[in-house]
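Report on the structure
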Amino acid sequence: MYGPIVRVGPNELSYVTEEAWNDIYKTRKGEEQLKKAFPQTPSFQHGLMDNPYDDQQAVCRKILASTINDQAVRRNENILHSNISALLKHLQRKVRDNGGKAVLDIAHCYECVAFDIIGDLFSGETFGCLKDLELPPLHGELVLGLKRLAIGCAFQTSALTRFLFLRREAPPLPAVTETERRLKQSKKSSEKRNDNILSHVFEDVNRPNGIDRKLATRLAADSIIGGFDTIAIAMVGTTYFLVQNPSKLATVTAEIRSKLKSKSDITLANVNSLRYLNAVFTEGLRLWPPGPETLRRITNAQGNIINGDLIPPKTLVGVYHWTAGRYSRAWKDAEAFVPERWLEEGMNGKYANDQRGVINSFQAGPRNCPGQALANAEFRLVLVTLLWHFDIAAAEHQLPDWSKTKIFGLVANKQPLMVKITPRSEI
Ligand code: HEM
């Protein structure tokens, strides 16, 4: 068993402590923030996620965050509902066509709905996934992009690999190409709905001292990169743990159906108050973080105090989400799915000694996730809609053990999740 600080590479430390979150990711008065360690290729256009400059990052963040924050999500709640309804119709048809029950890959369904929602919020055009429940090639290209990023991060760590692999121009990111395509299209279209991410980001370009077009394109693209798959992964992981733990599934289903009497009660305001569901979400993220590895930071030129020690300059440091969520010295029953540990009864009882602060699923500090409100809303609305309409169960008696899943940098290897769905009997 390793301790909470592990040297995971010649120049890299991994931490699992609450203090490390503060020291690595938060801003300290009068001190420069620790920079993100991202692969740097010549003339690469930074957006938000990979922006190494504190001042530019803060400007970009303000612009993007205003398009996906709580208010923006509430204003666009109808977009979430219309896409979720499209998914629901597919599920209902499959059940009807199969004599009252269907076995399907729910992971694929989640990927389709999440991709269409982000497309719709982005510029008012979905990716068409929910038409025939099919993902376009762009989805695979985006996943590949994240894998390439993981390889780039590894190459960044040594002078030799930097010289060999990172001195050439990087090919355009698929999300940027898609953003440029949509920009052209929106110029041609006469029917514009301006309350979308792309329009809001480009509004800034036209302001005095606004950001330039190249940066705006890359910034808008970051919302696709950050939002196209993260929520789907959170939903798949959580559904896996729910069908693996039928008593927890029964508890959350009962909460949903008892609090929301009719279909029209499935609203953002109502689902936010479901306390067991909230605990399910948090626990799902603990065991199945969408970015399981870490986004490293690099210590400053004079070094930094981290977890009480002075760490030399230019050392890579980070908290690995997967490791922190499953660290058995921080969690009782670390590998078990126990939403109760996030509820008062668990916090004051059996799980009182859990070190909840060793995870921050949406990160901490000035570079935490600006998509949190959207993730919270979408996760809840999709899961609630599914469990309100259907009884679900694992299709196989013996579920594969996902704790052995291979992790490739920022992405865990995807696998299908076959579930059996039947209409809830009382409807
Ligand atoms: C369950 C869903 C999600 C999780 C768990 C998640 C998690 C995270 C985490 C951990 C970071 C920090 C990365 C770092 O270390 O620097 C981050 C950053 C970011 N996320 Fe999310 N995210 C989710 C959904 C979304 C969505 C839906 C969007 C956009 C629509 C989004 C956009 C971003 C962006 C743009 C950043 C970079 C922020 C910055 O550097 O200032 N995320 N996210």
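Residues numbered from 1 in each chain as written. Predicted model: local features only at pLDDT ≥ 70, side-chain atom pairs only at ≥ 80, totals over all residues. Heavy atoms only, no water.

1. What about helix 10 (residues 197-205)?
Put simply, the rule is: The buried label goes to any residue with under 20% of its type's maximum accessible area, the exposed label to any with over 50%, and the partly exposed label to all in between, with areas taken from a 1.4 Å probe on protein chains only. Counting from the N terminus, the helices are DSSP H or I runs at least four residues long and the strands are E runs at least two residues long. Our arc is simply the arc of the directions from the helix axis toward the C-beta atoms. Contacts between residues were defined by any pair of non-hydrogen atoms, one from each residue, lying within 4.5 Å.
All of the buried residues along helix 10 are Ile197, Leu198, Val201, Phe202, Asp204 and Val205. All buried residues of helix 10 lie within an arc of 140° about the axis, which places them on one face of the element. Structurally, helix 10 contributes buried residues whose contacts are with helix 2 (54-68), helix 5 (106-123), helix 9 (174-188) and helix 11 (213-227).

2. Topic: the site of the ligand
Note the threshold: When at least one non-hydrogen atom of a residue lies within 4 Å of a molecule or strand, that residue is treated as near it. Counting of polar contacts relies on pairs of N or O atoms within 3.5 Å, with two restrictions inside protein: one atom must be capable of donating a hydrogen and the other of accepting it, and residues adjacent in sequence are counted only when both atoms are side-chain atoms. Each residue gets one label: Ala, Val, Leu, Ile, Met, Phe, Trp, Tyr, Cys and Pro are nonpolar, Asp, Glu, Lys and Arg are charged, and the others, such as Gly, are polar.
What surrounds the ligand is a group of 28 residues, the closest being Lys36, Gln57, Arg61, Gln363 and Cys369. One of the side-chain N or O atoms of arginine 61 is found 3.0 Å from an oxygen atom in the ligand. Between arginine 367 and the ligand, the recorded distance is 3.1 Å, taken from a side-chain N or O atom to an oxygen atom. At the level of elements, helix 2, helix 11, helix 12 (230-244) and helix 18 (372-389) are the ones that each hand at least two residues to the shell around the ligand. If you tally residues by element for the shell around the ligand, the top one is helix 2, at 4 residues. Of the residues that constitute the shell around the ligand, the class distribution is 14 nonpolar, 10 polar and 4 charged.

3. Points about a positive patch on the surface
How we decide: Residues forming no salt bridge and having over 30% relative accessible area are the ones grouped into patches, like charges within 9 Å of each other and nonpolar side chains (Val, Leu, Ile, Met, Phe, Trp, Tyr) within 5 Å. All accessible-area figures derive from a Shrake-Rupley calculation using a 1.4 Å probe, and residue coverage is judged against the displayed protein chains alone. Within this document, salt bridges are pairs made up of a side-chain nitrogen of Lys or Arg and a carboxyl oxygen of Asp or Glu, the two lying within 4 Å of each other. His is not counted, nor are the chain ends; Lys and Arg add positive charge and Asp and Glu add negative charge. To locate a charge, the coordinates of NZ of Lys, CZ of Arg, CG of Asp or CD of Glu are taken.
Among the surface-exposed residues, Lys89, Arg93, Lys94 and Arg96 lie close enough to one another that they form a single positively charged patch. Looking at the element boundaries, arginine 96 is found in helix 4 (residues 77-97). For arginine 96, a relative accessible area of 59% puts it in the exposed group.

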